[in-house]
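Chain residues, written in single-letter form:
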Amino acid sequence: MSQEIQQFRATLPINEFKSEILKQVLENTFIIITGDTGSGKSTQLPQYLLDDEEFRLNICERRKKFLEEQVEEKEQTKVQGFLSKKQKPFIPEDRKNSTDLKIVVTQPRRMAAISMAKRVAFERNQNLGIEVGYSIRFDNSTTNTTQLRYVTDGILVRECLQDKDLRGYDVVILDEAHERSLYTDVLFALVKTAARRRKGSLKVIITSATLNINIFKSYFEGCPYVKVHGKSFPVEVKYSEHNITQQKRNHDAVNAAIRMHLHEGPGDILVFLPGSEDCEVCRKFCYERLAEVLNSGVEVPSVLLYTLYGSQTSEDQSQVFQRADEHTRKIIFCTNIAETSLTIDNIGFVVDTGYVKQKVYNPRTGMDSLIIQPISKTQAIQRTGRAGRTQAGKCYRLFSKQFYESLSEHTTAEIMRVNLASVMLLLKSMGIDDVVRFEFMEQPTQEAILQSLRQLYLIQAIDEDGYITPMGYEMSRYPLEPSYAKALITSKMMECSSEMSAIVAILSTESIWQRITRVDVDGYQKLQEIQSQHADPAGDHLSLLKVFSEWKQAVFNEQFAKDTLLNLRSLKQSDNIRQQLQQLVEGTSRKKCLQFYEQDYLYKLFRKQKDSKKWNINESIKLSLCSGFYFNTARKMHNGEDTYLMVYPEGTVVDTDPQSVYTVIQQYPETVIFTELGGTSQVRGVMKLISEINIEWVKPYFSNMVKVDLFKLARIEFQQRGRDAVHERRQKKIQEQEKQKELEEKQKLEKHQIYKARFEQRKKVKM
DNA sequence: GAGCACTGC
């Protein structure tokens, strides 16, 4: 290690706590470490563990003991994870006598995983993958010798599917835990139970920003925590006297930024707004206002205006990071992306509107809505902190102190705001049957859990007792929402899996069309023209497939994408996912699946079509979609109008998405199926991604939806005995039925004998 | 009469 790097590492705030941390990790199973950005926790902490001889020997000893004690356990999971061989976790047998330490660090974002692995490899003067590496979807730099793996949280969840005890690791570090991403929340629970089973041979470290950590502490059995101070400068916070109204929000934000520009010293200005369109509107308005000020004779120092949000191209984004000259100030209008994902240097001032757009899922209606709502205190603090990274700063909050006090402490964790079907299926496929009483750090509502179980039951992923079916196992292999997985598996049976892989892949990414804001009137009109040229009356799914195929036929041509107003980034991403799914589908045995489908109505329909030689692939694609989404069937309410009535829940009225091909061609089919339900909270749901179907295809399934017994689905009584209990119950049921039958037979026989006796008697009398 | 924050397998 070079002296320079060594010196740098010694100056990091976490260095002072090195011995304290090592002591605590040695003595405890769970440890929480808090520290703000710049403390060095994510890069240094794993290195401390890796380089400490005492810790290494101690943990290797514990591991050896544990693996020797562990009785040969039957593989409880029949599932093979989707991970490629390269990504598979290390086989425990190799680990028994190994003297290497294996550490995994999870990150909520791919970029973070990559850059940290690179940084640590650099600090240790090693090539990536030898000692330190990263593993994210579609990209893996680790080998069998890699001791320190930086992975995205979703990757570790998938690894848990293969070995829920995580025997390939000695230490798990869950980084950025305060963000409470969906998979981190799932990992909290999985890692907690794994650590208990590992009896001290697995260390779990949770690292978080310096926030309220009581929730972590109580969840991890009151474990110790070490507080590391960050390296940041003070930020002065100013409040408005009044709260801003929605109409004036952009107006006030621009004025505040301009005031700062005219009266404050050096340092760039970051303005937090709820949406991307707000960013564009503000930049335009700011430009106009500055021109006005200049015209009125006031001297305006040199300034550059930028916007920053997620749906921009990376070229647009990277402009923001270019350094302006010394006398020019940058004003950046940004969304939440600058709160955690992207860090801009040199920010001296922050303007915070106090609002954010957030996706909220309503389990009762199954509707996803994007709502503008007030931020949490945590978010306000996080935004403020963006000003104090390189210099002392100021944060101007466009709301009153009272408003701040009224904000909720924390942002609602993601697990509380999403459709839980995939999480529940994941747990069930790991042998965790009683999901209703599963110990999450924060418990999702009963209703959300029940509705996700209902959905899983409707697509035959679980049986009426709530236990996972072979079909459910098959679905859990796919990195998809269960309904998409179902459609894909069905498509294999219906001989259209390569088409369906593409469709599902496209639906898993952001829109393959370019996003053009209403501000750009000409561009928007052109987009609509092109979309109508590519519209296929068969529906949105087949239209998307058509466009995607055209791009592929044009040999992934960049110019073609530009001319057709397609988003190259999501096209490429779609193709990546398509390949991954294709590989997985090929790994699904047709013979095995056949047994799931023997009694399936849609499959019988397909066979019939195939035999009558009227078969066409579009119909098979639609039948496959129906198998995963039949509960999203809707029928047209009036002639020629875009209002539909859902089959279930009864009486639910939904609208057609203005972006749908059916709106574009102004034709509305009698019966449709849709794969997404959106809208804002005030109005009724909007069907997104719609395809025309024949009502007869799905009719036989409707009775399913009405008769679901939620009580039975959620009532798994015997946690410990699990499957045996249900097996026992079934056996009992069968026995009871047989007994009943016997009894009936007996009664019949008795009756018969009585009649016979009577008859005989009568006969006698007669005689 | 209606419109798209941010991630991730």
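Quantities reported herein were computed from a predicted structural model and do not represent experimental measurements.

Caption draft 1: A look at the sheet that holds strand S5 (residues 148-152). Pairing is mixed across the open sheet formed by eight strands, whose spatial order is S4-S3-S5-S2-S6-S7-S1-S8. Since the sheet does not close on itself, it has two edges, and those belong to strand S4 (139-140) and strand S8 (225-228), each with one partner. In this sheet, S5 lies alongside strand S2 (residues 103-107) in parallel orientation, the contact comprising five bridges. Opposite Val-105, over in S5, you have Tyr-150 as the bridge partner.

Caption draft 2: Fine view of the protein's contact with DNA strand B. Around DNA strand B sit 31 residues, and of these Arg-110, Ser-276, Gly-310, Lys-357 and Tyr-524 come closest. Arg-137 places a polar main-chain atom, nitrogen or oxygen, 3.0 Å from a phosphate oxygen of DNA strand B. Contact between DNA strand B and Thr-152: a phosphate oxygen at 2.7 Å from a side-chain N or O atom of the residue. Going through the elements one at a time, helix H7 (153-162) and strand S14 (355-362) are the ones with two or more residues in the surface near DNA strand B. A total of three residues in the surface near DNA strand B trace back to one element, the largest contributor, which is H7. Looking at the surface near DNA strand B residue by residue, the classes come out as 12 nonpolar, 10 polar and nine charged.

Caption draft 3: Quick look at helix H16 (residues 446-458). Given a rise of 1.5 Å per residue, 13 residues ought to cover 18 Å, and the 18 Å separating the end C-alpha atoms of H16 matches this to within 8%. Taken residue by residue, H16 has Ala-448, Ile-449, Ser-452, Leu-453, Arg-454, Gln-455, Leu-456 and Leu-458 as its buried positions. Buried-residue contacts for H16 involve helix H15 (421-429), helix H18 (482-493), helix H28 (695-706) and helix H29 (710-714). Downstream of H16 by a residue or two, Gln-460 has a phi angle that is positive, lying close to 65 degrees.

Caption draft 4: Broad picture of the nonpolar core. Counting 124 residues, the largest nonpolar core has Phe-188, Tyr-478 and Leu-581 as its most contacted members. Per element, the largest residue contribution to this core is nine residues, and it comes from helix H8 (residues 182-197). The residues that make up this core include at least three from each of domain 1 (3-228) and domain 3 (469-706). Residues within four places of Phe-188 in sequence aside, it is in contact with Leu-174, Ala-177, Arg-180, Ile-206, Phe-216, Tyr-219, Phe-220 and Met-441. With 35 residues, the next largest nonpolar core counts Leu-50, Ile-114, Tyr-134 and Val-228 among its residues.

Caption draft 5: Summary view of the domain arrangement of chain A. What the domain assignment lists for chain A is domain 1 (3-228), domain 2 (235-412), domain 3 (469-706) and domain 4 (717-767). When each unit is reduced to the centre of its C-alpha atoms, the spacing between domain 3 and domain 4 is 51 Å.

Caption draft 6: Expanded view of a negative patch on the surface. Together, Glu-738, Glu-742, Glu-744 and Glu-745 give the surface a local cluster of negative charge. Among the structural elements, Glu-742 can be located in helix H30 (residues 723-766). The class of Glu-742 is exposed, set by a relative accessible area of 56%.

Caption draft 7: Just the environment of Phe-30, in detail. Checked against the element boundaries, Phe-30 lands in strand S1 (residues 30-35). Under the relative-accessibility criterion, Phe-30 is labelled buried at 6%. C-alpha of Phe-30 to C-alpha of Lys-394: the two residues are 364 residues apart in sequence and 37 Å apart in space. Here Phe-30 is in contact with Lys-192, Ala-195, Val-204, Phe-220, Glu-221, Cys-223 and Pro-224, once residues within four sequence places are set aside.

Basis of the calculations
- Residues numbered from 1 in each chain as written.
- Chains lettered and ligands numbered in written order.
- Predicted model: local features only at pLDDT ≥ 70, side-chain atom pairs only at ≥ 80, totals over all residues.
- Heavy atoms only, no water.
- Pairing = 2+ DSSP bridges.
- Helix = DSSP H or I, 4+ residues; strand = E, 2+ residues; numbered from the N terminus.
- Near = heavy atom within 4 Å.
- Polar contact = N/O pair within 3.5 Å; in protein donor to acceptor, adjacent residues only side chain to side chain.
- Nonpolar A, V, L, I, M, F, W, Y, C, P; charged D, E, K, R; others polar.
- Expected span 1.5 Å × (residues − 1).
- Buried < 20%, exposed > 50% of the residue type's maximum accessible area, 1.4 Å probe, protein only.
- Contact = heavy atoms within 4.5 Å.
- Core = buried A, V, L, I, M, F, W, Y, C linked by side-chain atoms within 4.5 Å.
- Domains from an automatic or database assignment.
- Patch = residues over 30% accessible without salt bridge, like charges linked within 9 Å, V, L, I, M, F, W, Y side chains within 5 Å.
- Areas by Shrake-Rupley, 256 points an atom, 1.4 Å probe, with all protein chains shown as cover.
- Salt bridge = Lys/Arg side-chain N within 4 Å of Asp/Glu carboxyl O.
- Lys, Arg positive; Asp, Glu negative; His and termini not counted.
- Charge placed at Lys NZ, Arg CZ, Asp CG, Glu CD.

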